[in-house]
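# Structural features, examined
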Amino acid sequence: MIERLQEPSCMMVAAHRGYKAAYPENTLLAFRKALELGVDMLEFDLRLSQDHEVVVIHDATVQRTTSGSGAVRDFTLEELKSLDAGGWFAHEFEGLKIPTLGELCVLLKEYPEVLCNVEIKPSPDAIEAADRAVAILGRYGYLPRCVFTCFDAEVLTYIHDTYGLKTQGFLGEKMSHFVSGEAGTYTRMWAIGVEMSLLTPALVARFQEQGLLVWSYCPDEEEGVRYSLECGVTGMTCNDPLPALAVTGKKDTLI
């Protein structure tokens, strides 16, 4: 499934942490709303709880996006589930919870064509998180629809070399443990994400010549979407997918 992104006519729009611009990020509500918009891919972040459950949350700590305080890896799943993951965004979203990867997989059953950008967050237990995530996604039969992402080049290389799965990395200066050279980190990437502030046509062309898919992040307004397209990217990861969906003709209107 993921291979369809290599087709010359493909233009992929991904929802960054779900429909992050309008709903609390990395919650099942944000993912469902993104899916209802018609995005091609969901991007989400994975970490391990204290009891080794795979949970969907971006930060190493819970305080920015929940009612709690402390490191994610110091909470059991039950303790994480006791936190409010929506009220920080707006009062109307109080009561939302941190989802597990398994819960997100259940939601994705309703959308069998939607792809997944699975980001393993750098941490001391990132390799274990990757192993457990691959196992869970494998049980659901989802691995063919996944590309795996990490800002830690060692983790990215591990996923590529151990499982032979598609990976998306970043510019070398943005990654930890990046290895340059002919057998370096870029050779372990299937796709590369480039942030808008660094995006240029020349950079896109350079990586495409190396055989990589080049995706921009995060063009959230029409101007950024059009610039991404002018640069030649074949994918965009957006906090607000609506402008990208509209400009690319995947959705009739921004409203």
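Residues numbered from 1 in each chain as written. Predicted model: local features only at pLDDT ≥ 70, side-chain atom pairs only at ≥ 80, totals over all residues. Heavy atoms only, no water.

## Topic: helix α5 (residues 153-163)
- Inspection of α5 places Ala153, Val155, Leu156, Thr157 and Ile159 among the buried residues, and these make up the whole buried set.
- Two or three places before Glu154, at the start of α5, stands the capping residue Asp152, its side-chain oxygen 2.9 Å from that residue's backbone nitrogen.
- Gly164 occupies a position one or two residues after α5 and carries a positive phi of about 65°. (Buried < 20%, exposed > 50% of the residue type's maximum accessible area, 1.4 Å probe, protein only. Helix = DSSP H or I, 4+ residues; strand = E, 2+ residues; numbered from the N terminus. Polar contact = N/O pair within 3.5 Å; in protein donor to acceptor, adjacent residues only side chain to side chain.)

## Digging into the packing of aromatic side chains
- Applying the stated rule across the entire model yields 12 aromatic pairs.
- Here Phe178 and Tyr186 contribute two aromatic rings whose centre-to-centre distance is 4.8 Å and whose plane-to-plane angle is 65°, an arrangement assigned as edge-to-face.
- Phe178 gets classed as partly exposed once you look at its relative accessible area, which sits at 24%.
- Judged by its relative accessible area of 18%, Tyr186 is buried.
- In this structure an aromatic cluster arises from ring pairing among Tyr19, Tyr23, Trp88, Phe89 and Phe93.
- Arg145 extends its terminal NZ or CZ atom over the ring of Tyr142, reaching a point 4.4 Å from the ring centre. (Phe/Tyr/Trp six-rings, centres within 6.5 Å; stacked < 30°, edge-to-face > 60°. Lys NZ or Arg CZ within 6 Å of the ring centre and 35° of its normal.)

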